Amino acid sequence: MPNTVDTYFTENLFNHLQDGIIVMTSTRTIIRMNDAAKRLMGWKEGDVVPYCAYCETRALREGEERCFLLANDGKIPYFSSKMPKVGQYMVNVEMSNVLMYEEADEKYYLLVIRDRTLKEKEDAAKLSKKILHRLTEAREVEHKRLSQELHDGVGQALYSVAIAMDNLSMSIEDEELATYLKEVRQELGKAMEDVKFYSQSLRPKSLDALGLMPTIEALLQSIRQKMPSLNIRLETNCYDRLTPIAEINIYRVVQEATHNMMKYAQATEALVQFEKDPFGLQIIIEDNGIGFHVEQEKDGLGLLHIGERISQLRGKTIIQSEIGIGTKITMYVPKHQLVGDDDDEYIDRG
């Protein structure tokens, strides 16, 4: 019985490995191969392993084996080249081999083949995310600069003009001119409010000075002022400062979600909730609005913006909505993205 169990275990392990495993002779004749190798290359037992693109054309010394791996008797740990797949095309692979067993007149090699295409796609995806991450950081730096310019430059200049106009209005006796000046002063006041709003939208000063939670509360307070019919609440147990990139990304997510809520949801009740646990931070934004069909709207810029921001923090986003019931957006960001500890264990909450 133990031998049967061992054989069963070994056979299953052999066939469930993701890498292609081939046992071949010194003439490259396949005497055993696993399912992964069959799927990857289309070969079968009894076939001769063809030469790769490199070995097919490489220059040889006198008496040297053409196969680069066999020529080195398993002393080359990894080797990348292209191998011909049966009936199709050249596959970009990574190979390694080891001399497994040797008899008087024969050698048996273990050849491991790994498809590099998947790894290249993964590397390209990682690079794209890294570039996007850097672009987002650069954009936020530019937003911060523009916000500062609007507040300290344009804003202060308009404030100085407003004081001058107030002083001037006190010395004007002509009623018609005074009325005109009053109207201009009112327009100037609106322009000052617009500059303040745009500065705040670009980069809230409180985010750098006070942190995420006070800035979120200020955002919700501005929503209450604009939409008195919407009762929006904040619940949180997260009061610590987070990494700058985490704070701005989470703020932008809440900003986007609440903006969409104000514009489309027609809600009367809403909740923004932050719940921190030992592994990370969960963010929930929900309302009792009219809802929408998630599948139909999943490619909308707002939802894509939310998902991408959280993805940059290696987090997860779940969007749920039901017509006539409301919408719930649940996000989870792992701890190491919040405190900047890259060595912290990453817990995938699914």
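Here, every reference points to the structure presented above.
Here goes a summary of the coordinates provided.

Quick notes on the rules
- Residues numbered from 1 in each chain as written.
- Predicted model: local features only at pLDDT ≥ 70, side-chain atom pairs only at ≥ 80, totals over all residues.
- Heavy atoms only, no water.
- Helix = DSSP H or I, 4+ residues; strand = E, 2+ residues; numbered from the N terminus.
- Rg over C-alpha atoms; globule rule 2.2 N^0.38 Å.
- Buried < 20%, exposed > 50% of the residue type's maximum accessible area, 1.4 Å probe, protein only.
- Contact = heavy atoms within 4.5 Å.
- Areas by Shrake-Rupley, 256 points an atom, 1.4 Å probe, with all protein chains shown as cover.
- Polar contact = N/O pair within 3.5 Å; in protein donor to acceptor, adjacent residues only side chain to side chain.
- 1 Å grid on protein atoms, 1.4 Å probe; cavity = no way out; pocket = protein on both sides within 12 Å on 5 of 7 lines; lining within 4 Å.
- Points joined across faces, edges and corners; volume = space filled by probe spheres on them.
- Nonpolar A, V, L, I, M, F, W, Y, C, P; charged D, E, K, R; others polar.
- Axes fitted to C-alpha atoms, helices over the stretch in contact; angles between N-to-C directions.
- Parallel < 35°, antiparallel > 145°, perpendicular 65-115°, else oblique.
- Left-handed = near helix turned anticlockwise from the far one by under 90°.
- Pairing = 2+ DSSP bridges.

1. Notes on the overall build of the protein chain
Helix and strand counts for the protein chain come out as twelve helices and ten strands. Relative to the compact-globule value of 20 Å for 350 residues, the protein chain shows a C-alpha radius of gyration of 33 Å, a clear excess of over 25%. Counting only C-alpha atoms and orienting by the principal axes, one finds that the protein chain spans roughly 115 × 50 × 35 Å. Looking at the 350 residues of the protein chain, the share that counts as buried comes to 35%. Partitioning the intrachain contacts of the protein chain with sequence separation of at least 6 by distance along the chain shows that 57% fall at a separation of at least 24. Entry remark: accessible area of the protein chain is about 21200 Å², with carbon and sulfur atoms responsible for 54%.

2. What to know about the environment of T327
Tracing the sequence through the fold places T327 in strand β10 (residues 326–334). A residue is classified by how much of its surface remains accessible, and T327, at 11% relative accessible area, is buried. In sequence terms T327 and M24 are 303 residues apart; their C-alpha atoms lie 59 Å from each other. Not counting residues up to four positions away in its chain, the partners in contact with T327 are I285, E286, D287, G291, F292, Q320 and S321. Reaching out from T327, the side chain makes a polar contact with the side chain of S321 at a distance of 2.8 Å.

3. What about the side chain of S206?
For S206, the position within the fold is in helix α7 (residues 205–209). S206 gets classed as buried once you look at its relative accessible area, which sits at 18%. With residues near it in sequence (within four places) discarded, S206 still touches G211 and T215.

4. Section: empty space enclosed by the protein
Applying the stated rule across the entire model yields two cavities of 30 Å³ or more. Computed from the structure, the largest cavity encloses a volume of approximately 90 Å³. Taken together, 13 residues line the largest cavity, and the ones lying closest to its centre are V49, P50, C67, M83 and M95. Class assignment of the residues belonging to the lining of the largest cavity gives a composition of twelve nonpolar, no polar and one charged.

5. Some details on the packing of helix α9 (residues 244–265) against helix α11 (residues 301–312)
Two elements in contact, α9 and α11, have axes separated by 9 Å at closest approach and are oriented at 160°. Here α9 lies roughly antiparallel to α11, going by the angle between them. The crossing of α9 and α11 is left-handed. On α11, the residues touching N249, R252, V253, E256, A257 and N260 of α9 are G302, H305, I306, R309, I310 and Q312. Counted by class, the contact of α9 with α11 contains four nonpolar, five polar and three charged residues.

6. Some remarks on the sheet that holds strand β7 (residues 269–277)
Hydrogen bonds between backbone groups are what pair the strands of a sheet, and the pairing can be parallel or antiparallel. Across the sheet, five strands lie side by side as β6-β7-β8-β10-β9; this open sheet has mixed pairing. Each of the sheet's edge strands pairs with one partner strand only, and the pair in question is β6 (231–236) and β9 (316–322). Strand-to-strand, the axes of this sheet are offset by a mean angle of 10°, without reference to chain direction. In this fold α9 packs onto β6, β7, β8 (280–287) and β10, with an angle of close to 10° to the strand it touches most, β8.

Bear in mind that shape data such as this cannot, by itself, settle questions of function.
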